[in-house]
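Chain by chain, the residues run as shown.
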Amino acid sequence: MRSNKTIYLAQPRGFCAGVERAILIVEEALKKYGTPIFVRHEIIHNAYVVKDFESRGVIFINELDTVPQGAILIFSAHGVSKAVRFEADEREFQVFDATCPLVAKVHAEVVRLKERGYQIIMIGHRGHPEVEGTMGQVDSSIHLIEHVQDVDKLSFKENELIAYVTQTTLSVDETQEITTALVRKYPQIHAPKRQDICYATQNRQDAVKAMLPHVDVVIVVGSQNSSNSKRLQELASSMNVPAYLVDDPRQIQAEWFQSMNSVGVTAGASAPEALTAQIIEAINGLYRGSVVPMPGIEETVNFSLPKGLLEAA
């Protein structure tokens, strides 16, 4: 390898407002109540963050049956189904809801569409907690599709009321292909007034696109179960730039950078900047590199904490 390389940093990268809010909810709950605090599912999809909270006594669970009655319970940023909320109420948990407000917006839209008699198509990845939470807002009339080929399998009647919503962390380009196919097959379909793909997902993908002409390889900081992080890796790979998804500095491999003069680094919306700094340090440990921040959008979105947590004694 050459001793000198350039490391380009995508802008924006890392935490979005919804993730920052979710993490702050757990932090504030720890301050006010101490442990144990239970979180339904991982608060965000990042192993670094989850392990840190676990080391401080936060307990992550998938089902509520292991949670003592009346305990402090936090819903993750991905949201939960109506059934989970009902069970939490029945068991008298003190609940703080860390659902991203943009995900909550999709939840509300699904409920409104169902009430108006629509059959709803959900574009998303099967098994993802956000998809399960969104589809769980209604008992029926919602149908999941994952790929453009799934559109051919739909069999709604011409006069049926049909609408679609999307998982917020999907690839913009992939979703466009699916929605175009839906409109072609069902010209009467009701589309969201605004894209359900969140601003942060869009901005991070645009930042990677802007960075790609300058780099030979891309490192995406994020965990394997992070949908938006994986989309960044796939985006770079689809444009013929090798890309690797990492959430631990020890995962960095020297052979990735052989014959490469420039490295691009970005981070998914659930990856903390402290972890990105460790990854950059690991890359620099292989050779002497200069870090060049890319120009990009400065995000100013902020979401407030739940009123109940702010008022808690």
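My aim in this report is to walk through the structure given alongside it, one point at a time. (Residues numbered from 1 in each chain as written. Predicted model: local features only at pLDDT ≥ 70, side-chain atom pairs only at ≥ 80, totals over all residues. Heavy atoms only, no water.)

### Some points on the sheet that holds strand β5 (residues 94-97)
Next up, step 1: Taking strand neighbours across the sheet as the criterion, the four strands line up as β3-β2-β4-β5 in an open arrangement whose pairing is parallel. Single-partner strands in this sheet number two, and they are β3 (58-61) and β5. On average, adjacent strands in this sheet sit at an angle of 25 degrees to one another, irrespective of strand direction.
Next up, step 2: Summarising the sheet, strand β2 (residues 37-40) and strand β4 (residues 72-75) pair through three bridges and their orientation is parallel. Bridging across to β4, Phe 38 finds its partner in Leu 73.
Next up, step 3: Most of the contacts of helix α3 (residues 82-90) go to β4, to which it runs at about 170 degrees, and overall it touches β2, β4 and β5. (Pairing = 2+ DSSP bridges. Helix = DSSP H or I, 4+ residues; strand = E, 2+ residues; numbered from the N terminus. Axes fitted to C-alpha atoms, helices over the stretch in contact; angles between N-to-C directions. Contact = heavy atoms within 4.5 Å.)

### Observations concerning the packing of aromatic side chains
Next up, step 1: Going through the model one piece at a time under the given rule, you end up with five aromatic pairs.
Next up, step 2: For the pair Tyr 244 and Trp 256, a centre-to-centre distance of 4.1 Å together with 5 degrees between the ring planes defines the contact as stacked. Of this pair, Tyr 244 sits in strand β10 (residues 243-246) while Trp 256 sits in the loop between β10 and β11 (262-267), and the two are 12 residues apart along the sequence.
Next up, step 3: Given a relative accessible area of 27%, Tyr 244 falls into the partly exposed group.
Next up, step 4: Aromatic side chains Trp 256 and Phe 257 sit 6.3 Å apart centroid to centroid with 65 degrees between the ring planes, which places their arrangement in the edge-to-face category.
Next up, step 5: Residue Phe 257 is classed as buried on the basis of its relative accessible area of 0%.
Next up, step 6: Joined through ring pairs, the aromatic side chains of Tyr 244, Trp 256, Phe 257 and Tyr 287 make up one cluster. (Phe/Tyr/Trp six-rings, centres within 6.5 Å; stacked < 30°, edge-to-face > 60°. Buried < 20%, exposed > 50% of the residue type's maximum accessible area, 1.4 Å probe, protein only.)

### Let's talk about the environment of Ala 98
Next up, step 1: Along the chain, Ala 98 turns up in the loop between β5 and α4 (101-115).
Next up, step 2: The exposure class assigned to Ala 98 is buried, which follows from its relative accessible area of 0%.
Next up, step 3: On a C-alpha basis, the gap between Ala 98 and Tyr 199 in space is 18 Å, while along the polypeptide they are 101 residues apart.
Next up, step 4: Discounting residues that sit within four places of it in the chain, Ala 98 has contacts with Arg 21, Ala 22, Ile 25, Ile 43, Ile 74, Phe 75, Ser 76 and Ala 77.

### Points about helix α2 (residues 47-55)
Next up, step 1: Of all the positions in α2, only Val 49, Val 50 and Phe 53 are classed as buried. For α2, the buried positions fall inside an angular range of 95 degrees around the axis, keeping them on one side. Among the exposed residues of α2, those oriented more than 90 degrees off its buried face are Lys 51 and Ser 55.
Next up, step 2: In this structure, the buried side of α2 is in contact with α1 (17-33) and β3.
Next up, step 3: Here α2 starts with a cap whose side-chain oxygen sits 3.1 Å from the backbone nitrogen of Tyr 48, and that cap is Asn 46. (Arc of directions from axis to C-beta. Polar contact = N/O pair within 3.5 Å; in protein donor to acceptor, adjacent residues only side chain to side chain.)

### Focus: the pairing of β2
Next up, step 1: Alternating residues of β2 divide into Ile 37 and Val 39 and Phe 38 and Arg 40, and every residue in both groups is buried.
Next up, step 2: Remark: the β2/α2/β3 crossover connection has right-handed handedness. (Right-handed = clockwise from strand over helix to strand, strands pointing away.)

### Regarding the sheet that holds β10
Next up, step 1: Judged by pairing direction, the sheet is parallel, and its five strands sit side by side in the order β10-β9-β11-β1-β12 without closing on themselves. Edge positions in the sheet fall to β10 and β12 (288-293), since each has one partner strand and no second. Mean inter-strand twist for the sheet, computed between neighbouring axes without regard to direction, equals 25 degrees.
Next up, step 2: As paired strands, strand β9 (residues 217-221) and β11 are joined by five bridges and run parallel to one another. Its bridge partner lying in β11, Val 221 is registered against Ala 267.
Next up, step 3: Contacts from helix α7 (residues 199-211) reach β1 (4-9), β9 and β11, with the element oriented near 175 degrees to β11.

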